[in-house]
Amino acid sequence: MQRIFVTGISTEVGKTMASAIITEALEADYWKPVQAGELNDTDSHKIANLISNSKTKIHKSTYELNSPMSPHAAAEIDGVRINRDKIKEPETENHLVIEGAGGLLVPLNEEDTILDIIMPNYKVIVVSRHYLGSINHSLLTINWLKQKGYEVFVLFSGNPNPQTENIILHKTGVSLIGRIEEEAVFDKKVVKGYADKFRNILESL
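Just so it is clear, the model here is predicted, and its values are computed rather than measured.

A.B. asks: How should I be thinking about the packing of helix α1 (residues 15–26) against helix α2 (residues 43–50) in this particular structure?
C.D. replies: Any two packed helices are characterised by how steeply their axes cross, that is the angle between the axes, and by the distance between the axes. In the contact formed by α1 and α2, the axes pass within 9 Å of each other and the chain directions differ by 45°. The angle between α1 and α2 falls in the class oblique. As for how α1 packs across α2, the hand of that crossing is right-handed. Counted together, T16, M17, S19 and A20 of α1 and D43, K46, I47 and L50 of α2 form the full contact between these two elements.

This is the structure:
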C-alpha cells in the first residue's frame, strides 16, 4: 500500500486541495500529523467535506495547536513541545496520504522539521504554485528531498506559467503529476473530476 507525503514549497500553495484529490483518487486514508490553527475547520475537516468515496478514513492529528503559525511557535504558546517520536503513522491496510504543515523545513521544535517526519518509504509529492520566488523555493524543496533519497513528484497548482514550470522540471528531473487549475470553487464534484484525471498516474507511482 502506498504512503504518499504531500508537502508544499510554501504556505497557501494548495496542499490540502492536492491532498483531497490524491485521497479521493486512491480512496486512501488521510492523516495530518500536525495541525496548527483553525481547529474548528481543520484540514482534516476540509478533506472529509471534499471527498466522495466511503472507503477513506480520516485519522486524528497527533498534535492540534491553537495558533495558525509555525508548529514550534504554536506549540510554545500552548505550553507543549512537539515530540517527533510521538508522531506515529496510524495503522491502516489502506493507502495513506499524509499532509505536512507549511513547507519542508518548517520547524517542529528546536531540532526537528517537517522533513524529519517523512519516513524513508514515503513517496513525496511537492505542490508548487507560481509566485515571485517560487522557482527558488521549488528547487530548494525538491533538491533537499532528492538528496535525502526520496522519490519525488511535482504537482502544480494555480494559473499556468510555462517558463517557471519548465525550468523546475528541467533542473530537477522529477516526474509531473499534473496541474490543479485556479478553480472558482473547490467542492466534491471538482475534486472527483481531478481524482479521475490523476488516478492512473497516482496508482502507478
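Once the structure has been displayed, the description carries forward.
A.B. asks: I'm lost on the pairing of strand β8 (residues 151–157) in this one. Help?
C.D. replies: With 6 of 7 residues buried, β8 lies mostly within the body of the structure. Judged from the 7 bridges that link them, strand β7 (residues 123–129) and β8 form a sheet pairing that is parallel. The partner of S128 across the bridge, within β8, is F156. Viewed along the sheet, the connection from β7 through helix α4 (residues 134–147) into β8 turns out right-handed. Pairing of β8 with strand β9 (residues 175–180) involves 5 bridges; the strand directions are parallel. Bridging from a neighbouring strand, S157 pairs with I180 of β9. With helix α5 (residues 162–172) bridging β8 and the parallel β9, this β-α-β connection has right-handed handedness.

A.B. asks: Whenever I open this one, the sheet that holds strand β6 (residues 96–103) confuses me. Can you help?
C.D. replies: One key point about sheets: their strands pair by backbone hydrogen bonds, in either a parallel or an antiparallel sense. Taking strand neighbours across the sheet as the criterion, the 7 strands line up as β4-β2-β6-β1-β7-β8-β9 in an open arrangement whose pairing is parallel. Of all strands in the sheet, those bounded by a partner on one side alone are β4 (58–59) and β9. Where strand β2 (residues 29–31) lies against β4, 2 bridges are found, and the strand directions are parallel. Opposite Y30, over in β4, you have I58 as the bridge partner. Each of β1 (3–8), β7 and β8 is contacted by α4, which is oriented at about 175° to β7, the strand it contacts most.

A.B. asks: I would appreciate a short explanation of the nonpolar core in the present structure.
C.D. replies: Nonpolar side chains in soluble globular proteins generally cluster together in the buried interior. Within the largest apolar cluster, 60 residues are counted, with the highest numbers of intra-cluster contacts made by I118, I125, L145 and L202. Apart from residues no more than four positions distant in its own chain, L145 is found in contact with T7, L104, L115, I118, V124, V126, Y150 and V152.

How each quantity is defined
- Residues numbered from 1 in each chain as written.
- Predicted model: local features only at pLDDT ≥ 70, side-chain atom pairs only at ≥ 80, totals over all residues.
- Heavy atoms only, no water.
- Axes fitted to C-alpha atoms, helices over the stretch in contact; angles between N-to-C directions.
- Helix = DSSP H or I, 4+ residues; strand = E, 2+ residues; numbered from the N terminus.
- Parallel < 35°, antiparallel > 145°, perpendicular 65-115°, else oblique.
- Left-handed = near helix turned anticlockwise from the far one by under 90°.
- Contact = heavy atoms within 4.5 Å.
- Buried < 20%, exposed > 50% of the residue type's maximum accessible area, 1.4 Å probe, protein only.
- Pairing = 2+ DSSP bridges.
- Right-handed = clockwise from strand over helix to strand, strands pointing away.
- Core = buried A, V, L, I, M, F, W, Y, C linked by side-chain atoms within 4.5 Å.

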